[in-house]
Amino acid sequence: MKKMSSLILFCLFAISFLPAFAGEIPVGIYGTLTGTDTDVNGMSYGPRDYLTYVNEKFGGVMGHKYVPILLDGKNQIPEEVKVFKRLVDVDNVVVVNGWSTGGTKALRDQINTLVKVPFQGQSLIKDVLDPEKYPFIFLLGPTYEDQVIIGMNWAKQKGAKTFAFLHADVEYGRGPVRNAIEEKIPEKLNLKVLADIEYPGASPDLTSYLLRINELNPDYVYIQDSVNNTLKILRDAAKVGVPASKFISNCYNFSHLITETAGKDAEGFKALQINADWGEDIPIMKEIKEFGKTHKIAKEDTYYVKGWVQGKIIHETVSRVLKSTGGKIPEISEFRQRVRDEWVKLDKFDTGGGTPPLSYKNNQGHSMARILEIKGGKYVPISDWIKND
């Protein structure tokens, strides 16, 4: 009887340290699971898998399990708007991990005034980075405009005097280029823009646009696009005699698909890197490899690593909220607001080597990138990490 009483007291003592109730924490994620831009969609699978990893390894957060909900936005603005509304209105998610530039711009007012839900974008356009106007939108790394400055500045140091922009006919392509030109970024660097060339993103052949590049003969060409179209650019550039060494591109072209697919036509191509690559000897990869022992990894690439980092950020902010409430899950609107408030307090947050340390005081985790060049079929760094001040 005495033993039974002791057991009951122990159980009551243990229960006193558990949350008020064990619940679920829904997190919304949407990306391009089908359609265009699937070559970089590892960053949608990464957050889902990290939160699953936390559930399985640590039992969630303070006894509560994450429910990551991954939907297909198809890289189409109407579809992204639809899945966003489902996630916030039906699934009552605490955080949304979104996708495209056009979709994020279409939703930015809803995110920040109607719904007030923390939103982690995959788009890095400057137009949605404004802590005063858009306090609920957070970007992981340097904006596309930051990346243009970093790329152009590097080219200038290599003796460049002329540039051309090359991009698809979507907001992801034209928006950052328009901003760079309107803000006179090239002029400030004493670089002359010879052309702003826009092509149909769905076109199977871009030869005519590369012929124009060949005719203009700029010192460098900045590509504002992603892997799928860049492969077409490098293929058609080789046809008309434009060397890959003339091209510099944003962070969504640091992909080994380019070296594997384009082969010698990619030699000399340059891309910016803003987060760690797959397989680096860093702590975050140890977590991913551990998860991979019992789960299939959707994409073994740098974008999956980026997504894993984004999952870590979500978990950190949610954990801080629940620690402050003693483990009690707040009402959804309060929960969202508290997560947002904790997000901006992140300072020098260690991602296990996945990125430089992140500080979100101004809603942007970091603004650093380094330039990689394909040499001998491999990406190699040709610059240190550069910060756009």
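Details of the structure are given in the entry above.
So, how was this worked out
- Residues numbered from 1 in each chain as written.
- Predicted model: local features only at pLDDT ≥ 70, side-chain atom pairs only at ≥ 80, totals over all residues.
- Heavy atoms only, no water.
- Helix = DSSP H or I, 4+ residues; strand = E, 2+ residues; numbered from the N terminus.
- Rg over C-alpha atoms; globule rule 2.2 N^0.38 Å.
- Buried < 20%, exposed > 50% of the residue type's maximum accessible area, 1.4 Å probe, protein only.
- Contact = heavy atoms within 4.5 Å.
- Areas by Shrake-Rupley, 256 points an atom, 1.4 Å probe, with all protein chains shown as cover.
- Lys, Arg positive; Asp, Glu negative; His and termini not counted.
- Charge placed at Lys NZ, Arg CZ, Asp CG, Glu CD.
- Pairing = 2+ DSSP bridges.
- Right-handed = clockwise from strand over helix to strand, strands pointing away.
- Core = buried A, V, L, I, M, F, W, Y, C linked by side-chain atoms within 4.5 Å.
- Domains from an automatic or database assignment.

Some remarks on the overall build of the chain
Then, in step 1: Counting its secondary structure elements, the chain contains 13 helices and 13 strands.
Then, in step 2: Computed over the C-alpha atoms, the radius of gyration of the chain is 23 Å, within 12% of the 21 Å expected from 2.2 N^0.38 for a compact globule of 389 residues.
Then, in step 3: Dimensions of the chain, computed from the C-alpha atoms along their principal axes, are close to 90 × 40 × 35 Å.
Then, in step 4: Evaluated residue by residue, the chain yields a buried proportion of 57% over its 389 residues.
Then, in step 5: Partitioning the intrachain contacts of the chain with sequence separation of at least 6 by distance along the chain shows that 70% fall at a separation of at least 24.
Then, in step 6: On the chain, roughly 16,600 Å² of surface is accessible, and the fraction owed to carbon and sulfur atoms is 53%.
Then, in step 7: Counting 49 positive and 48 negative side-chain charges, the chain places the averaged centre of each group 4 Å from the other.

Looking at the pairing of strand β10 (residues 270-273)
Then, in step 1: Here β10 shows no split at all, with K270 and L272 on one side and A271 and Q273 on the other all buried.
Then, in step 2: Sheet topology places strand β9 (residues 247-249) next to β10; two bridges connect them, and they run parallel. Bridge pairing in β10 links S249 to A271.
Then, in step 3: Tracing the backbone out of β9, into helix α10 (residues 256-262) and back to the parallel element β10 gives a crossover that is right-handed.

Some details on the nonpolar core
In a soluble, globular protein the nonpolar side chains are often hidden away together inside.
Then, in step 1: Membership of the largest hydrophobic core comes to 79 residues, with the highest contact counts inside it found for Y30, F84, F247, Y252, I258 and F269.
Then, in step 2: Each of domain 1 (24-142 + 279-358) and domain 2 (144-273 + 369-387) contributes no fewer than three residues to this core.
Then, in step 3: Excluding residues within four positions of it along the chain, I258 makes contact with V227, T230, L231, L234, N253, G263, A266, F269, I374 and Y379.
Then, in step 4: Membership of the second largest hydrophobic core comes to 40 residues, among which are I29, F335, L346 and Y360.

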